[in-house]
Amino acid sequence: MKERGRILVTKNYSRIHLSPPHLGSNERHYVEEAFSTNWIAPVGPLIQTFEKEISRYAGTAGAVALQSGTAALHLALQVLDVGQRDIVFCSTLTFVASANPIIYQGAIPVFIDSEPDSWNMSPAALQRAFGHFEHKGHLPKAVIIVNLYGQSADMDPLLAICNKYGVPVIEDAAESLGATYKGKASGTFGKLGVFSFNGNKIITTSGGGALVSDDCELLDRARFLATQARDPAVHYEHRHMGYNYRLSNVLAAIGVGQLEVLEERIQARRMVFDRYLKALSSVQGIEFMPEAPYGRSTRWLTALTVNISWTSLKPMQIIESLAEIDIESRPVWKPMHLQPLYKDYDYYPHSIDESVSDRLFASGLCLPSGSSLSEEDQLRVIDRLNSIFNRLS
Ligand SMILES: *Cc1c(COP(=O)(O)O)cnc(C)c1O
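Residues numbered from 1 in each chain as written. Predicted model: local features only at pLDDT ≥ 70, side-chain atom pairs only at ≥ 80, totals over all residues. Heavy atoms only, no water.

### Remarks on the domain arrangement of the chain
- When cut into domains, the chain gives domain 1 (2-21 + 262-392) and domain 2 (25-259).
- For domain 1 versus domain 2, the separation of C-alpha centres amounts to 25 Å.
- The interface is formed by 47 residues belonging to domain 1 together with 51 residues belonging to domain 2.
- Carbon and sulfur atoms make up 62% of the surface buried where domain 1 meets domain 2, a total of about 4,200 Å² over both sides.
- Where domain 1 packs against domain 2, one counts zero salt bridges. (Domains from an automatic or database assignment. Contact = heavy atoms within 4.5 Å. Buried area = accessible area lost by both parts, 1.4 Å probe. Salt bridge = Lys/Arg side-chain N within 4 Å of Asp/Glu carboxyl O.)

This is the structure we're talking about:
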């Protein structure tokens, strides 16, 4: 028999990435288990284990493991019956995947600004949007609240407003798995919560996501829609249009191992943040993303703003200067209301004369924050930042 060669992928070890995957020691063991039992497809027992462990961690009644966080958001809108011409309020300062499922459904997004203390959804802007749409006689069908960079939004005032109008909340906790709000797990405050296990998130299945809720009927419906909406019959009977959104057993195996090291990953990311804070606290003109007193941020990404009253440095100059020595950094998310795709939709700023997300986008950046970032590599980032600020400010 001919021996088959393996393709070797060469790796550039000197590049410092923003947030690379970081596997523990047991993932390989669980994947091996999937291989040795031939549970490669269709579903398999590790999916159930993964779902049980996610819901146990979050403290919810259940969880559905899916192919991506985007798929989870899409199904969340589906099970809340969001459809053509429905309004959905959504945080503006986020990754585009928070908003796209709204238009998959033919619904209409309305974007809500951030507040300065947590960078997450502004209760003042949300209230103004509700007032306006109540007046028009067209209340939203759902509100998507995003938790940015590892930190929960200020849920109590936001939920009070949504509850007053009887509108359900979908919590986009793709970036905040492991964070807490008043002692409770982030992602568990809405009717439905969404996690992502994409490659850049705090733990990863290479690609994956989950929907969590205390409402098992909604989760069962999501699970049904995620598996092609097959009615029980050997000949494949269909009364509904479904999707192929279920996570594979092989990827669930990685997830089971990753969940075991989640707390270590959080501690490591927080330590990365603390090192940046300590090393750069004397640099005038840098302000780190605040950690709101109501909970624990995972510091998924260390984010900071450059204060224009101290320095003429623009975030892009810093990003380019870091890139010169092979260090990856990124601007803060470009708000949805500024994206060409979404510029024609309504937007409610924090106050009539202040858009917080515009300011954060213009002045903010994210530094390499991986849980596997070595102290030595982080010093390379810090040294470069020090020299940029000394040279140019
Ligand atoms: C990553 C991310 C998503 C999408 O998750 P995927 O698993 O990549 O589909 C959604 N919302 C936010 C805020 C994210 O950061």
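Further notes follow.
### What to know about the site of the ligand
- As a structural note, the neighbourhood of the ligand is formed by 15 residues, with Gly69, Thr70, Glu175, Ser196 and Lys201 the closest of them.
- For the ligand, an oxygen atom lies 2.7 Å from a polar atom in the backbone of Gly69.
- Between the ligand and Thr70 there is a distance of 2.4 Å, counted from an oxygen atom to a side-chain nitrogen or oxygen.
- Across the complex, the protein chains shield 94% of the 390 Å² of accessible surface that the ligand would expose by itself.
- Looking at the shell around the ligand, its residues break down into four nonpolar, eight polar and three charged. (Near = heavy atom within 4 Å. Polar contact = N/O pair within 3.5 Å; in protein donor to acceptor, adjacent residues only side chain to side chain. Areas by Shrake-Rupley, 256 points an atom, 1.4 Å probe, with all protein chains shown as cover. Nonpolar A, V, L, I, M, F, W, Y, C, P; charged D, E, K, R; others polar.)

### A short note on the packing of helix α3 (residues 69-79) against helix α7 (residues 216-226)
- Closest axis-to-axis distance for the α3/α7 pair is 10 Å, and the angle between their directions is 120°. Judged by the angle between their axes, α3 and α7 are oblique. In the packing of α3 onto α7, the handedness of the crossing is right-handed. Between α3 and α7, the contacting residues are Leu75, Gln78 and Val79 on the first element and Leu218, Arg221, Ala222, Leu225 and Ala226 on the second.
- By residue class, the composition of the contact of α3 with α7 is six nonpolar, one polar and one charged. (Axes fitted to C-alpha atoms, helices over the stretch in contact; angles between N-to-C directions. Helix = DSSP H or I, 4+ residues; strand = E, 2+ residues; numbered from the N terminus. Parallel < 35°, antiparallel > 145°, perpendicular 65-115°, else oblique. Left-handed = near helix turned anticlockwise from the far one by under 90°.)

### Concerning the UniProt feature "modified residue: N6-(pyridoxal phosphate)lysine" (unreviewed entry) in the chain
- Per the UniProt annotation, the sites labelled "modified residue: N6-(pyridoxal phosphate)lysine" (unreviewed entry) are Lys201.
- Mapped onto the secondary structure, Lys201 falls in the loop between β8 (192-196) and β9 (209-213).
- Judged by relative accessible area, Lys201 falls into the buried class, the value being 10%.
- Here Lys201 is in contact with Ala174, Glu175, Ser196, Arg269 and Trp300, once residues within four sequence places are set aside. (UniProt positions renumbered as here; feature names shortened; annotations may be inferred. Buried < 20%, exposed > 50% of the residue type's maximum accessible area, 1.4 Å probe, protein only.)

### Structural notes on the nonpolar core
- The biggest cluster of nonpolar side chains holds 74 residues, and the ones touching the most others in it are Tyr149 and Leu211.
- At seven residues, the largest contribution of residues to this core is made by α3.
- Excluding residues that lie within four positions of it along the chain, Leu211 makes contacts with Gly62, Ala63, Val64, Leu66, Ala72, Leu75, Ala76, Leu192, Gly193, Val194, Leu219 and Ala222.
- Within the second largest apolar cluster, 27 residues are counted, among which are Phe89, Ala129, Met155 and Leu159. (Core = buried A, V, L, I, M, F, W, Y, C linked by side-chain atoms within 4.5 Å.)

### With respect to the pairing of strand β5 (residues 169-172)
- The alternating pattern of β5 places Val169 and Glu171 on one face and Ile170 and Asp172 on the opposite face, and all of these are buried.
- Sheet analysis places strand β4 (residues 142-146) next to β5, joined by four bridges and oriented parallel. Bridged to Val146 within β5 is Asp172.
- One crossover worth recording links β4 to the parallel β5 by way of helix α6 (residues 155-164), and it is right-handed.
- Sheet topology note: the β5/β8 ladder contains three bridges and is parallel. Bridging from a neighbouring strand, Asp172 pairs with Val194 of β8. (Pairing = 2+ DSSP bridges. Right-handed = clockwise from strand over helix to strand, strands pointing away.)

### Regarding the sheet that holds strand β12 (residues 330-331)
- Strands sit in the order β10-β11-β14-β12 across an open sheet of four strands; the sheet is antiparallel. Edge positions in the open sheet fall to β10 (286-288) and β12, since each of these has one partner strand only.
- Together, β10, β11 (302-306) and β14 (364-367) form the strand contacts of helix α9 (residues 262-280), whose direction differs from that of β10 by roughly 155°.
- Running at roughly 25° to β14, helix α10 (residues 315-324) makes contact with β11, β12 and β14 of the sheet.

### Quick look at the pattern of salt bridges
- According to the stated counting rule, one finds 17 salt bridges in the structure shown.
- A salt bridge links Arg384 to Glu324, with the shortest nitrogen-to-oxygen separation between them at 2.9 Å. With Arg384 in helix α12 (residues 375-392) and Glu324 in helix α10, this residue pair connects regions lying 60 residues apart in the sequence.
- With its nearest N and O atoms 4.0 Å apart, the salt bridge here joins Asp377 to Arg380. Residue Asp377 and its partner Arg380 are both found in helix α12; the two are separated by three residues, about one turn of the helix.
- Taking relative accessible area as the criterion, Arg380 reaches 28% and is therefore assigned partly exposed.

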